[in-house]
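# Structural overview for review
Below are the chains, spelled out letter by letter.
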Amino acid sequence: MPGLLIDEDLYLSAEVRNSDELAKAEELVKQLGLEKVAEDRCVSYLFHGKGFDIYADIRFKSKILFYIYMLPKQAKASNKSSTHFELPDRFTRDIEGKWRAALPSYL
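Residue positions within a chain follow its written sequence, with the count starting from 1. Two thresholds apply to this predicted model, a pLDDT of at least 70 for residue-level local features and 80 or more for giving and counting side-chain atom pairs, whereas whole-chain, interface and lining totals are computed over all residues. Each side-chain value is derived from all of the structure's non-hydrogen atoms; neither hydrogens nor water enter the calculation.

The next point concerns the sheet that holds strand E1 (residues 35-39). One open sheet holds the five strands; their spatial order is E1-E2-E3-E4-E5, and the pairing between them is antiparallel. The open sheet has two edge strands, E1 and strand E5 (82-88), and neither has a second partner. Between one strand and the next, the sheet's axes are offset by a mean angle of 30°, whatever the strand orientation. At least two DSSP bridges between two strands are required for those strands to pair. Under the scheme used here, helices are H or I runs from DSSP no shorter than 4 residues and strands are E runs no shorter than 2 residues, and both carry numbers assigned from the N terminus. Pairing of strand E2 (residues 42-48) with strand E3 (residues 52-57) involves four bridges; the strand directions are antiparallel. Bridge assignment links His48 to a residue of E3, and that residue is Asp53. Contact definition: two residues touch when any of their heavy atoms are within 4.5 Å. Convention adopted: a line fitted to C-alpha atoms gives each axis, helices being fitted over their contacting stretch, and angles between N-to-C directions are expressed from 0 to 180 degrees. Its contacts with the sheet place helix H1 (residues 19-31) against E1, E2, E3 and strand E4 (63-70), and it is angled at close to 40° to E4.

Laid out in structure tokens, this is it:
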């Protein structure tokens, strides 16, 4: 499947960030320890954990979505193999602490 444009694959009424907001969100996910991975025209923000990977979606205005995917050896039939959570932009203090605190509840 070819890479998508920045606002493709979003729900119809979603507002997307402008270029300044994207730059700010990108800086935030880098501070959280996610690495920027660029392949052709596709950009991902990725964190490798022990037995899971987290991808960040910074396109939405007012929040960053994080998708957690259990790696095949860690995903059991009774467990979810993926889930997600979000950090609203209105959170301005101790973002890293809030992000790390959210992880155990989803794993």
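Don't stop here, the text continues.
Before going further, it helps to spend a moment on the side chain of Glu26. If you trace the backbone, Glu26 turns up in helix H1. Each residue gets one of three labels from its accessible area relative to the maximum for its type: buried under 20%, exposed over 50%, partly exposed in between, using a 1.4 Å probe on protein chains only. Its relative accessible area of 17% is what places Glu26 among the buried residues.

Let's shift gears to the pattern of salt bridges. Between side chains of opposite charge, a pair can form as their charged atoms come close. Salt bridges are identified by distance alone: a Lys or Arg side-chain nitrogen within 4 Å of an Asp or Glu carboxyl oxygen. With the rule as written, the count across this model stands at seven salt bridges. A salt bridge links Glu26 to Lys30; the nearest nitrogen and oxygen atoms lie 3.3 Å apart. A residue pair is termed a helical-turn pair when its members lie 3 or 4 positions apart in one helix, as Glu26 and Lys30 do in helix H1 at four residues. With a closest N to O distance of 3.5 Å, Lys36 and Glu26 form a salt bridge. Taken as a pair, Lys36 in strand E1 and Glu26 in helix H1 lie far apart in primary sequence, 10 residues in all. The class for Lys36 is partly exposed, based on a relative accessible area of 41%. The network of salt bridges with common partners includes Glu26, Lys30 and Lys36.

A word on the side chain of Asp53. With respect to the secondary-structure elements, Asp53 resides in strand E3. Charged residues are defined here as Lys and Arg on the positive side and Asp and Glu on the negative side; His and the ends of the chain fall outside this count. It is Arg100 that comes nearest to the buried, bridge-free Asp53 among opposite-charge side chains, at 12 Å. The definition of a polar contact used here is a pair of N or O atoms within 3.5 Å, where within protein one atom must be able to donate a hydrogen and the other to accept one, and adjacent residues in sequence count solely through side-chain atom pairs. Within the structure, the side chain of Asp53 is placed 2.8 Å from the side chain of His48, a separation counted as a polar contact. Those residues in contact with Asp53 that lie beyond four places of it in its chain are Leu46, Phe47, His48, Tyr67, Ile68, Tyr69 and Leu71.

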